[in-house]
Amino acid sequence: MSGTFVGMPAFPKAAHEAVGNPTLRGNLRHATHTIRAKREKAVAEVSDWAELREAGKRIKDRTLRRLDHYLVQLEESVVAAGGTVHWAADADEANEIVTQLVQMTGETEVVKVKSMATQEIGLNEALEAAGIRAYETDLAELIVQLGKDRPSHILVPAIHRNRGEIRDIFEREMSEWGRPAPEGLTDTPAELAEAARLHLREKFLRAKVGISGANFMVADTGTLVVVESEGNGRMCLTLPETLISVVGIEKIVPTWQDLEVFLQTLPRSSTAERMNPYTSTWTGTTDEDGPSTFHLVLLDNGRSDTLADEVGRQALRCIRCSACLNVCPVYERAGGHAYGSVYPGPIGAILSPQLRGTESEIDASLPYASSLCGACYEVCPVAIDIPEVLVHLRERVVQGGPVVREGNKVVLKPAKGHAAERAAMRAARWTFARPGVLRTGQRAASRTRRLHPRSLPGPGKAWSGTRDLPAVPAEPFRDWWQRTDGGRSEKGGSK
Amino acid sequence: MSSRERILGRVRRALSDVSGEDAPIERTYLREHGDRTVEETVELLAENLADYRAIVHRCTTADLPATLAGMLAARGAKTVLVPPGLDPSWLTEAGADQVPDRAGSTPHELDRIDSVVTACAVAIAETGTIVLDGSPDQGRRRITLVPDHHICVVRVPDQVVSSVPQGLERLDPVRPLTWISGPSATSDIELDRVEGVHGPRTLEVVLVADQASAEVNS
């Protein structure tokens, strides 16, 4: 059983611990820098990247604007193609549905394709509680599962592990789960991949139930799409008799043609490839080819609440490419675990507090887990303005206000930790509205400037611990303006 | 209230600020990248396939049986899986035992077969992708997955398109599709690509042309 994110400390605390780990920082720096350069090259190959990005954004927006319509259309298409559609309002309900579906097959083990949605709802843990063993088959997920670890990246959940650590985990843990690691396993990536192939093969060949997510669902045809590299996805999607796909309601695209945009932008953004090695599409069931039973579980779990936020809803355009993680200076240094969610990095910082609400310490701190440098927005293939949403969510945390939680309108109270900030802002507003008071204050500040401390006392201490206080000039600007007639009577002029 | 109604209700309430008709999607992106002759497009396909570690062969229709036989012999394949609608002439010279795909064959049985030979539905030059759609000359999805060696025959230039949009246009969404770009690979160790995980570790693609265009290409 892998670790969970329940009860995570706030981002600053977790990040502080992470940056003190030199192995972690080395691993992250190496991996993110490798992929950054490659992504740039892959994107530069297509001259119409900007147009593809814009089209991707518009297609997703169009979907979200009429999501109810497309959900119903998708349901009809999937059912017409021989699939069964289930609706899950939250994680518990989705876990219950999947558990029952597996139990109905009489099986006690399932093979899984890497899926963010099933990570999000904690499906493996729920299945384990029901006596069903879920085998992760993506290499990185396998590393995380064997290492009793938590994922730290959307695309490469074991990005925080280097090859030496992976070798040690395989050698130590594989025998617990099935076929042991080969004798004398070294840390070359090819040998590690081979070890995973051997370990998982027996599981694929005997599997009766497969569980997946999906990258896209096409409303007008009922087609699901899984984009992958290793072939573990193909194994899980075609060898079992029963396939259960758990997919977020926002993963819809309206038409088959819309895939032409995302099948160009997703591989280049995520693994920096022209095309990923394998993409599987399926529409319901096909006679004598692949699973004879197909269940689609449509998952809300906070998505409709996110949709209710006019600024924040753009986060639902996300296609989980992870390009924003790879360019983020904060992610590169703090690593994925500090974000306390299966969605780390910049997209996680806007998605987790919206899906889960900002009540917990970690979720209230996530909108601040950014320097607002904007690199994430620049690389996003669906143009999510992550800095805009971060600032919006900071405002929500500080000021509170109306939000939708589980379909109900509620009013959030302002966060406690920001009382001093709010008091300072109120004082500033009062002062700026009164020119006389402002002038007196500015003059007093100028005259006493030699006495100013270098850092703030009391609650301001933490703020000034990492910042210089601005120097106060000898004469307030407005006094200077009046004295020199706007600089005209000053020697040397205003230039 | 069912969860279906609950979710749809929440979605509708969430969208209460949204009004008006769907704006049409302006597709200002390119239908294909660059201006190429048919021969250049085939050349680009070969280049991109090779770039992602597929092994590319070229031959004429007349030479195809000998080419396939040579490839299977070089691999040392004793058994070769054959989809039901494969052109029977293709494997007339092959020494390997031909195993027809049966609906009842188990994954374990497929795992013991050395190679598989299929045709394809379409090939995309810009991305170095071959697409299988489960037609009788390509067979069920599992037969190109479990054996460790896949030989895919592409008829050029008929089956080759330049771009992803052109490829999608030719494909039927109702059929189960498998898009293949090189042998199986992973980027999961330090975000660096390594070939050879669960799918066939060797992918060989034969670009087969009739006599005339093969001469132009050579």
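Going along each chain's sequence as written, the residues are numbered from 1 onward. The lettering of chains begins at A and the numbering of ligands begins at 1, in the order of writing. Local features are withheld for residues below a pLDDT of 70 in this predicted model, meaning they are given only at 70 or higher, and side-chain atom pairs are given and counted only at 80 or more; totals for whole chains, interfaces and linings count all residues.

- Chain B is annotated in an unreviewed UniProt entry as Lactate utilization protein B/C of Streptomyces griseorubiginosus.

- The name recorded for chain A in an unreviewed UniProt entry is (4Fe-4S)-binding protein, from Streptomyces griseorubiginosus.

### Description of the UniProt feature "domain: LUD" (unreviewed entry) in chain B
Thought 1: UniProt positions are given in the numbering used here, feature names are shortened, and annotations may be inferred rather than shown by experiment. UniProt's entry tags residues 44-208 of chain B with the feature "domain: LUD" (unreviewed entry), counted in the numbering of this structure.
Thought 2: To qualify as a helix, a DSSP run of H or I must reach at least 4 residues; to qualify as a strand, a run of E must reach at least 2; elements of each kind are numbered from the N terminus. When the span residues 44-208 of chain B is considered, its composition is 19% helix and 33% strand, and the gap between its end C-alpha atoms is 15 Å.

### Some thoughts on the interface of chain B and chain A
Thought 1: By the convention adopted here, residues make contact when the C-beta atoms placed from their backbones lie within 7 Å. Between chain B and chain A, the contact holds 59 residues from the first and 79 residues from the second.
Thought 2: When contributions to the side of chain B that touches chain A are tallied by element, the ones reaching two or more residues are α1 (3-14), α4 (107-111), α5 (164-170), β9 (177-180), β10 (185-189) and β11 (192-195) of chain B.
Thought 3: No other element matches the nine residues that α1(B) contributes to the side of chain B that touches chain A.
Thought 4: Following the grouping adopted for this structure description, the nonpolar residues are Ala, Val, Leu, Ile, Met, Phe, Trp, Tyr, Cys and Pro, the charged ones are Asp, Glu, Lys and Arg, and the polar ones are all others, Gly among them. Partitioning the side of chain B that touches chain A into residue classes produces 26 nonpolar, 18 polar and 15 charged.
Thought 5: Where strand β9 (residues 278-283) of chain A and β9(B) come together, four bridges link them in antiparallel fashion. Looking at the pairing, T279(A) lines up with W179(B) of β9(B). Strand pairing follows a simple DSSP-based rule, namely that at least 2 bridges must link the two strands.

### Digging into helix α2 (residues 38-51) of chain B
Think of an α-helix as turning once every 3.6 residues; residues three or four places apart then point the same way.
Residue and element names in this part refer to chain B.
Thought 1: Expected helix span is computed as 1.5 Å times (number of residues minus one). The terminal C-alpha atoms of α2 lie 20 Å apart, and with 14 residues this matches the ideal 20 Å at 1.5 Å per residue to within 8%.
Thought 2: In this scheme every C-beta is placed from the backbone, and a residue whose C-beta has 20 or more other C-beta atoms within 10 Å is buried, one with 12 or fewer is exposed, and one in between is partly exposed. Taken as a whole, α2 has its buried residues at T41, V42, L44, L45, A46, N48 and L49.
Thought 3: Trailing α2 by a residue or two, R53 shows a phi angle of about 70 degrees, which is positive.

### So, the environment of L198(A)
All names here are of chain A.
Thought 1: Residue placement: L198 occurs in helix α10 (residues 189-206).
Thought 2: Residues L198 and R179, 19 residues apart in the sequence, show an inter-C-alpha distance of 7.5 Å.
Thought 3: When sequence neighbours within four positions are dropped, the list of residues in contact with L198 reads R179 and P182.

### Observations regarding the UniProt feature "domain: LUD" (unreviewed entry) in chain A
Thought 1: Residues annotated in UniProt with the feature "domain: LUD" (unreviewed entry) correspond here to residues 73-298 of chain A.
Thought 2: Within the segment residues 73-298 of chain A, helix and strand shares are 42% and 21% respectively, and the terminal C-alpha atoms sit 13 Å apart.

### Focus on unusual backbone geometry
Thought 1: The amide bond that connects V156(B) to the next residue, P157(B), takes the cis arrangement and shows omega of 0 degrees.
Thought 2: With respect to the helices, strands and loops of the structure, P157(B) is situated in the loop between β7 (149-155) and β8 (160-161).
Thought 3: The phi angle at K148(A) is positive, at roughly 45 degrees, despite the residue not being glycine.
Thought 4: When you line up the elements, K148(A) lands in the loop between α8 (139-146) and α9 (163-177).
Thought 5: One non-glycine residue, L372(A), lies in the positive phi region at around 60 degrees.
Thought 6: Turning to its location among the elements, L372(A) is positioned in the loop between α17 (361-365) and α18 (375-379).

### Description of the pairing of β9(A)
All names here are of chain A.
Thought 1: The buried count for β9 comes to six of six residues, which makes it a mostly enclosed element.
Thought 2: Neither face of β9 is open: one carries Y278, S280 and W282, the other T279, T281 and T283, and all of them are buried.
Thought 3: Pairing of strand β6 (residues 223-228) with β9, which is carried by six bridges, proceeds in the antiparallel orientation. For L224, the partnering residue across the bridge sits in β9 and is W282.

### Focus on the nonpolar core
As a rule of thumb, nonpolar side chains are buried together in soluble globular proteins.
Thought 1: To form a nonpolar core, buried Ala, Val, Leu, Ile, Met, Phe, Trp, Tyr and Cys residues must be joined through C-beta atoms within 7 Å. The biggest cluster of nonpolar side chains holds 198 residues, and the ones touching the most others in it are L299(A), C324(A), V80(B), C120(B) and V154(B).
Thought 2: With residues up to four places along the chain from it excluded, the contact list for C324(A) reads G345(A), P346(A), I347(A), C376(A), V379(A), C380(A) and I386(A).

### Focus: the confidence of the model for chain B
Residues and elements named next belong to chain B.
Thought 1: Mean pLDDT over chain B works out to 93, with 96% of the residues at or above the 70 mark.
Thought 2: The low-confidence segment residues 214-218 (pLDDT under 50) makes seven contacts with residues lying over four places distant or belonging to another chain.
Thought 3: Confidence metrics for the complex model read pTM 0.92 and ipTM 0.95. pLDDT measures the predictor's confidence residue by residue and takes values from 0 up to 100.

### Looking at the sheet that holds strand β2 (residues 79-82) of chain B
The strands that make up a sheet pair up through hydrogen bonds in the backbone, lying either parallel or antiparallel.
Residue and element names in this part refer to chain B.
Thought 1: The six strands are arranged β1-β12-β7-β4-β2-β3 in an open sheet whose pairing can be described as parallel. The open sheet has two edge strands with one neighbour each: β1 (55-60) and β3 (97-100). If you compare each strand with its neighbour and ignore which way they point, the axes differ by 25 degrees on average.
Thought 2: Relative to β3, β2 is paired through four bridges, and the arrangement is parallel. Counted as the bridge partner of V82 is P100 from β3. Convention adopted: a line fitted to C-alpha atoms gives each axis, helices being fitted over their contacting stretch, and angles between N-to-C directions are expressed from 0 to 180 degrees.

### With respect to the sheet that holds strand β7 (residues 242-248) of chain A
All names here are of chain A.
Thought 1: Reading across from one edge, β1-β10-β7-β4-β2-β3 is the order of the six strands in this open sheet, with parallel pairing throughout. Looking along the sheet, the strands with just one partner apiece sit at the ends: β1 (84-88) and β3 (133-136). Within the sheet, the average angular offset between the axes of one strand and its neighbour, ignoring direction, is 25 degrees.
Thought 2: Pairing analysis gives five bridges linking β1 to strand β10 (residues 293-299), with the strands arranged parallel.

### Details of the packing of α9(A) against α10(A)
If you want to describe how two helices pack, look at the angle between their axes and the distance between the axes.
Residues and elements named next belong to chain A.
Thought 1: α10 packs onto α9 with a crossing angle of 25 degrees between their chain directions and a minimal axis gap of 10 Å. It follows that α9 is roughly parallel to α10 by the angle criterion. α9 and α10 meet at a crossing whose hand is left-handed. Along its contact with α9, which presents R163, I166, R167, F170 and M174, the element α10 presents P189, L192, A195 and H199.
Thought 2: Within the contact of α9 with α10, the residues separate by chemical class into six nonpolar, one polar and two charged. Roughly parallel means an angle under 35 degrees; roughly antiparallel means over 145; roughly perpendicular covers 65 to 115; every other angle is labelled oblique. In this scheme the crossing of two helices becomes right-handed for a clockwise turn of the near helix relative to the far one and left-handed for an anticlockwise turn of less than a right angle.

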